[in-house]
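Close look at the chain arrangement
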Amino acid sequence: MNHVIVRTGRGPEPEILAALAKYGVATAHEAMGRRGLLGPELRPIYPGARIAGRAVTVLSHPGDNLMIHACIEQCRDGDVLVVATTSRSTDGMFGELFATQLRYRNVVGLVIDAGVRDVADLTAMRFPVWSRAVHAQGTAKAVAGSVNVPVVVAGQLVHPGDVIVADDDGVLCVPLADAAGIVEAAARRTESEEAKRHQFAAGVLGLDLYGLRSTLERLGVRYVNDIEGTVASAKSVISATEQS
């Protein structure tokens, strides 16, 4: 097998990253036509982090973090490190010392389809990580892999240079070619949601705003009165009155 470290400047403009970080995973996912999500098994190690960055991808052997070491010099401001393994792994392949190196290079976070450790230190550093597992199991540095090649992470194909968006709702991959269009679609969706929010706050029901009553009717859903419950309730009131 050929193992490579690809040097590439492929990636989005900073303005696109800032916009997608602002809109977040759920809005961008809907704007993409409900595509691009990585599996829900990837969870943040602490709540509240929200990032978007250029994907720098790593393909590693499970239980071996040699290629994470090899990839760091390929990282630049605003990147997200995206690590996949050639087979399923939960070993703690990443910790605080890696994060210290990445923080120096202004890398904004890590998405890893394996384990992470030193969680207390990473949380104190406020270095965002989304991982499959938290596991103290150590790893070797002996098996070759590749950097900046297409990888599959939690069921989603990620190309180097794609945009990774991550927050408490999960992780999303936005293909680089689609990123500018997704920003525009997310802006329209956000504006529409704000208008709906005002209507819901004023008492409007989603059933009416979305025209869902006709959908219920078409699907054969009927409204019926709970006659027995009404009668029982009336009897209870009469009984209470008589006792008083």
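Because the structure is a prediction, the values reported are computed rather than measured.

**Side note on unusual backbone geometry**
Even without a glycine there, the phi angle at Asn106 is positive, about 60 degrees. Along the polypeptide, Asn106 turns up in the loop between helix H3 (96-104) and strand E4 (109-116). Given the relative accessible area of 40%, Asn106 is considered partly exposed. The phi dihedral of Ala154 falls on the positive side, at around 50 degrees, and the residue is not glycine. Within the element layout of this structure, Ala154 appears in the loop between strand E7 (151-153) and strand E8 (156-158).

**Focus on the UniProt feature "binding site: Mg(2+)" (unreviewed entry) in the protein**
Taken from the UniProt record, the annotation "binding site: Mg(2+)" (unreviewed entry) applies to Asp118. Mapping Asp118 onto the fold places it in the loop between E4 and helix H4 (119-125). Beyond its immediate sequence surroundings of up to four residues, Asp118 is in contact with Gly95 and Glu96.

**Some points on the UniProt feature "binding site: substrate" (unreviewed entry) in the protein**
Taking the UniProt record as the reference, the feature "binding site: substrate" (unreviewed entry) is found at Arg117. Turning to its location among the elements, Arg117 is positioned in the loop between E4 and H4. According to the relative accessible area criterion, Arg117 is partly exposed, its value standing at 34%. Discounting residues that sit within four places of it in the chain, Arg117 has contacts with Gly92, Phe94, Gly95, Leu122, His135, Ala136, Gln137 and Gly138.

**What to know about the pairing of strand E9 (residues 163-167)**
Within E9, five of the five residues are buried, which leaves the element mostly enclosed by the surrounding structure. In E9, alternate side chains face the same way, and those of Val163, Val165 and Asp167 on one face and Ile164 and Ala166 on the other are all buried. For E9 and strand E10 (residues 170-174), the ladder comprises five bridges, and the chain directions are antiparallel. Of the residues in E10, the one forming a bridge with Ile164 is Cys173. Where E9 folds back onto E10 in an antiparallel hairpin, the turn is made up of two residues.

**A look at the pattern of salt bridges**
Side chains bearing opposite charge may pair, as long as their charged atoms lie close to each other. What the rule picks out here adds up to nine salt bridges. For Asp167, the salt bridge identified is with Arg50, shortest N-O distance 3.8 Å. Taken together, the residues span a long stretch of sequence, with Asp167 in strand E9 and Arg50 in the loop between strand E1 (43-44) and strand E2 (51-60) at a distance of 117 residues. Taking relative accessible area as the criterion, Asp167 reaches 4% and is therefore assigned buried. Here Arg197 ties to Glu194 by a salt bridge, and the two come within 2.4 Å at their closest N and O atoms. Residue Arg197 and its partner Glu194 are located together in helix H5 (residues 179-201), separated by three residues, close to a single helical turn. Taking the relative accessible area as the measure of exposure, Glu194 reaches 35% and is therefore partly exposed. Shared partners join several salt bridges into a network, and the residues in it are Glu41, Asp113 and Arg132.

**Focus: H3**
The set of residues buried in H3 consists of Phe98, Ala99 and Leu102. Along the long axis of H3, the arc covered by the buried residues comes to 95 degrees, so they all point the same way. Residues of H3 that are exposed and angled more than 90 degrees away from the buried face: Leu97 and Tyr104. Tucked into the core, H3 has its buried residues touching helix H2 (66-71), strand E3 (79-85) and H4. Phi for Asn106, located one or two positions after H3, is positive at around 60 degrees.

**Focus: the pairing of E4**
Counted residue by residue, E4 has eight buried out of eight residues, so it is predominantly covered. One ladder, built from four bridges, connects E3 with E4; its direction is parallel. Bridging across to E4, Val80 finds its partner in Gly109. Handedness of the β-α-β unit built from E3, H3 and E4 comes out right-handed. Of the strand pairs in this sheet, E4 and strand E5 (residues 129-134) are connected by five bridges, and their pairing is parallel. Within the sheet, the bridge partner assigned to Val111 lies in E5 and is Trp130. Between the parallel pair E4 and E5, the chain is carried across by H4, and the sense of this crossover is right-handed.

Scoring rules and cut-offs
Residues numbered from 1 in each chain as written. Predicted model: local features only at pLDDT ≥ 70, side-chain atom pairs only at ≥ 80, totals over all residues. Heavy atoms only, no water. Helix = DSSP H or I, 4+ residues; strand = E, 2+ residues; numbered from the N terminus. Buried < 20%, exposed > 50% of the residue type's maximum accessible area, 1.4 Å probe, protein only. UniProt positions renumbered as here; feature names shortened; annotations may be inferred. Contact = heavy atoms within 4.5 Å. Pairing = 2+ DSSP bridges. Salt bridge = Lys/Arg side-chain N within 4 Å of Asp/Glu carboxyl O. Arc of directions from axis to C-beta. Right-handed = clockwise from strand over helix to strand, strands pointing away.

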